[in-house]
Each structure stands twice: as C-alpha cells, then as structure tokens.
Amino acid sequence: MSPPAEGAVAPLKRMDGEPVFDAPWQASVMAMADTLVANDVVTPKAWSEALGAALKEAQAAGEPDNAETYYKAALRALERVVESHGGIPAAALNARRDAWERAYRATPHGEPVRLREE
Amino acid sequence: MASFDSAKVAEIHRQLHAHLPSESALRVKALESLLVEKGMVKSENLDAWVEAYSDEVGPKRGAHVVAKAWCDPDFRARLLSDAASAIDELGYLGNATAHLKAVENTDQVHNLVVCTLCSCYPFSLLGIAPNWYKTAAYRSRAVRDPRGVLAEFGVALNEDVAVHVWDSTAELRYLVVPQQPAGTEDLSEAELAKLVTRNAMIGTERDLSARPKGGV
C-alpha cells in the first residue's frame, strides 16, 4: 500500500473535530430542508439532486472545499426547491430578504427585530 | 482627505449596523418566515430539530444500535437483513433512515460509506454528518482511493482485507457495524455503546478501543 500523499489528504482528518455548525443559519437550513422532506413538500430524491447540483456549481466556481461552502450551497438548493416545489418565487424571497434587512437597520441594537407591515 | 473620510464613514456605518446578519442569515430568515406563513413548516418544529440535532442525537443512537447487535444475535440478524425495521424497534426510525442498510465489518471486509452526489447520511442515527463527509475531496476520493482515505484516518488495512465502498443516496443510506473489540464480552450493552464512535459507523475508523474515550 502506498503511503498517502501528505498535504493532499491532511485536510480531511483535520476537519474531524470541527463543530458541525459554525452559525445558527447553517442549522436552520438543514432543519428546513429536512422538515420539507418530512412534510412531503419535496421528495428526498429531489432534495438530494438539488443539493448535489449546487455543490457541483460551488466546486466548478472554485469555492473552498469547506463547511461554509457546503452550507451556502445547501441554502441555494433550498431556495430552488422552495421555488420549484413550494411555489415561493425567487422574487418573493428576495423581497422578504430586503424587508428583513430594512427591519434590522431600523431596529436599535438590543431590541427584538420584527418585520414591518409593507 | 477624502480616503480618510470615506474610511471613517464606512467604520461608523459598520458599527451602527454591526448587528446586521450575514447575507446567508438574511436569506435564511426570509425563507423561514415565508415557509412559516405558508404553513409548510412550523417555527417550533424547526427549533426542536436544531436543538435535537445539535446535541441530543449525536451518534448515540447509532452506537446503541451497534452495541445491541453485538449483544443480541437475533437483533443483529434482523439489523443485517432489514435495518429499517430493526431500528424501528428502538424508536429511531426517521425520514432519513426509512431505507437503511447495515453493513458489517469482518476480518476480511472493511466497509466505508460515502455520498458521492451530496451528503446523504443516516442522521437520525448518527446526528449531523461531520464536515469532512460533505467535502468534495472525501466524496470523490472515498471511491477513487478508499485505502488512501482510510490511511489518512489512521486505518492501515492489510492487502487481504477487501474494502467495500457504499455510495449513499436519498433512497438508501448505510450504517457500518464495526467489529466488537476483543476482551469486551463481559460489558453491558450501555458500556459497549460508549466504545462505538461515529467514524467507525461511517467506516473511517476500524479497530475500536476496548476502553471508552470519554463516550460519543
């Protein structure tokens, strides 16, 4: 058996002790995806294909091979299945994202952030 | 002085909005609030999911399944022939494990699990997949060079041990049943479960210690 090439293989093992979520949004993405599958909004196959496609795009774009890239790809995949299977168009998602940004900017630090009536 | 002023303005701006979430977090808030409004998910269910998978599930359920298989030959036979119904006996069936295959290591065979497409994983048994499992490097190399990947994780296999690589899909996921360490025949099921690591149930660890390393 030939020894593993150092450097080429070291990163995998180094990632072994990493926390699986760096930020709450990453956990939320997985929770939403699994819940949509459990609630039959999207099939397991459609979800895995969407995630696989988003991961392939990230790799092709040269994004780093790490957890942040993985969860960002998962978020893109989730937005797509929510549009294709949940009937929520990208425009509605973008508008809601902007509404949240306005709400954060309009809310003094420390106070709960709530969406305003648009 | 224009550059100084613009830098200062940018810094003030940053401080004022330091609590503005990241772009990803904003997009997640948008998704979640819309999905809740449309009745496709419930906030409390999402919160419960995150709480359970961040802490409670971990690989403990998988370790329990393996320890039970070591202690109970009938359960082991059921697990190997129909894993989903065997884990259902323990109440561990989830939508990610409705179709599950248990593959057993022997002196002649070592099993390694991967998902080459994305990151399919029996997370209702093992918790959230480790970050390395989701990398492009692992997903491609586990198939192309499984012995190299195993060596990196400290698993040195003799040439006469065959490596079986199992490619998970949305429809079929895998659980490796590692070999019981020698000298642990007198331990209880609960004590044995503490010896079973997450990586051993994926296949990137082979020889389990007869003493727990602080549990799983």
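Computed from a predicted structure; not experimentally measured.

A. Broad picture of the overall build of chain A. Along the backbone of chain A there are 5 helices and 0 strands. Secondary structure elements in chain A, listed N-terminal to C-terminal, are α-α-α-α-α. In chain A, which comprises 118 residues, the proportion classed as buried is 34%. In chain A, the share of contacts with a sequence separation of at least 24, taken over all contacts with a separation of at least 6, comes to 45%.

B. Focus on helix H2 (residues 23-37) of chain B. Residue and element names in this part refer to chain B. Spanning 15 residues, H2 covers 21 Å between terminal C-alpha atoms, matching the ideal 21 Å at 1.5 Å per step. For H2, every residue scored as buried is listed here: Leu26, Arg27, Val28, Lys29, Ala30, Leu31, Glu32 and Leu35. Of the residues flanking the end of H2, it is Gly39, one or two places downstream, whose phi is positive at about 75°.

C. Spotlight on the nonpolar core. One finds Val29(A), Met32(A), Ala74(A), Leu78(A) and Leu175(B) to be the most contacted residues of the largest nonpolar core, which totals 85 residues. A total of 10 residues in this core trace back to one element, the largest contributor, which is helix H4 (residues 67-84) of chain A. Residue-level mapping places this core at the junction of two domains, with at least three residues from each of domain 1 (2-41) and domain 2 (59-202) of chain B. Once residues within four sequence positions are removed from consideration, Leu175(B) is found in contact with Gly62(B), Val65(B), Ala83(B), Leu100(B), Ala102(B), Pro122(B), Leu125(B) and Met201(B).

D. Summary view of the interface of chain A and chain B. Taken together, the contact pairs 55 residues of chain A with 48 residues of chain B. Elements supplying a minimum of two residues to the side of chain A that touches chain B: helix H1 (10-14), helix H2 (24-38), helix H3 (44-60), H4 and helix H5 (90-106) of chain A. When residues in the side of chain A that touches chain B are grouped by element, the largest group, 12 residues, is from H2(A).

E. Representation of the confidence of the model for chain B in the model. Chain-level pLDDT for chain B is 89 on average; 88% of the residues reach the 70-or-more range. Confidence metrics for the complex model read pTM 0.85 and ipTM 0.89.

F. The environment of Ala142(B), seen in detail. Counting through the fold element by element, Ala142(B) comes out in helix H8 (residues 136-144). For the pair Ala142(B) and Leu31(B), spaced 111 residues apart in sequence, the C-alpha separation works out to 34 Å.

G. Layout of the packing of helix H4 (residues 60-71) of chain B against helix H5 (residues 73-81) of chain B. Residue and element names in this part refer to chain B. Close contact between H4 and H5 brings their axes to 5 Å; oriented N to C, the two are set at 125°. The pairing of H4 with H5 is recorded here as oblique in orientation. As for how H4 packs across H5, the hand of that crossing is left-handed. Between H4, through Val65, Lys68 and Ala69, and H5, the contact on the second element is made entirely by Phe75, Arg76 and Leu79. Taken together, the residues that form the contact of H4 with H5 break down as 4 nonpolar, no polar and 2 charged.

H. Broad picture of the packing of H4(A) against H2(B). H2(B) packs onto H4(A) with a crossing angle of 30° between their chain directions and a minimal axis gap of 11 Å. The angle between H4(A) and H2(B) falls in the class roughly parallel. Where H4(A) crosses over H2(B), the handedness of that crossing is left-handed. Together, Lys72(A), Leu75(A), Leu78(A), Glu79(A) and Val82(A) of H4(A) and Ser24(B), Arg27(B), Val28(B), Leu31(B) and Leu35(B) of H2(B) make up the contact between the two elements. In the contact of H4(A) with H2(B), the residues fall into 6 nonpolar, 1 polar and 3 charged.

I. Seen up close, H8(B). Here H8(B) has its buried residues at Tyr138(B), Arg139(B) and Ala142(B). One side of H8(B) holds all its buried residues, which, seen down the axis, span an arc of 100°.

J. Just the confidence of the model for chain A, in detail. Residue and element names in this part refer to chain A. Looking at chain A, pLDDT values average 88 and 90% of them are 70 or higher. The element-level mean pLDDT for chain A is lowest in H1, coming to 75, with H4 highest at 97. Overall, residues 1-7 carries pLDDT values under 50, and its contacts beyond four positions in sequence, including any with other chains, amount to 7 contacts.

About the criteria used
Residues numbered from 1 in each chain as written. Chains lettered and ligands numbered in written order. Predicted model: local features only at pLDDT ≥ 70, side-chain atom pairs only at ≥ 80, totals over all residues. Helix = DSSP H or I, 4+ residues; strand = E, 2+ residues; numbered from the N terminus. Buried ≥ 20, exposed ≤ 12 C-beta atoms within 10 Å, placed from the backbone. Contact = placed C-beta atoms within 7 Å. Expected span 1.5 Å × (residues − 1). Core = buried A, V, L, I, M, F, W, Y, C linked by C-beta atoms within 7 Å. Domains from an automatic or database assignment. pLDDT = per-residue confidence, 0-100. Axes fitted to C-alpha atoms, helices over the stretch in contact; angles between N-to-C directions. Parallel < 35°, antiparallel > 145°, perpendicular 65-115°, else oblique. Left-handed = near helix turned anticlockwise from the far one by under 90°. Nonpolar A, V, L, I, M, F, W, Y, C, P; charged D, E, K, R; others polar. Arc of directions from axis to C-beta.

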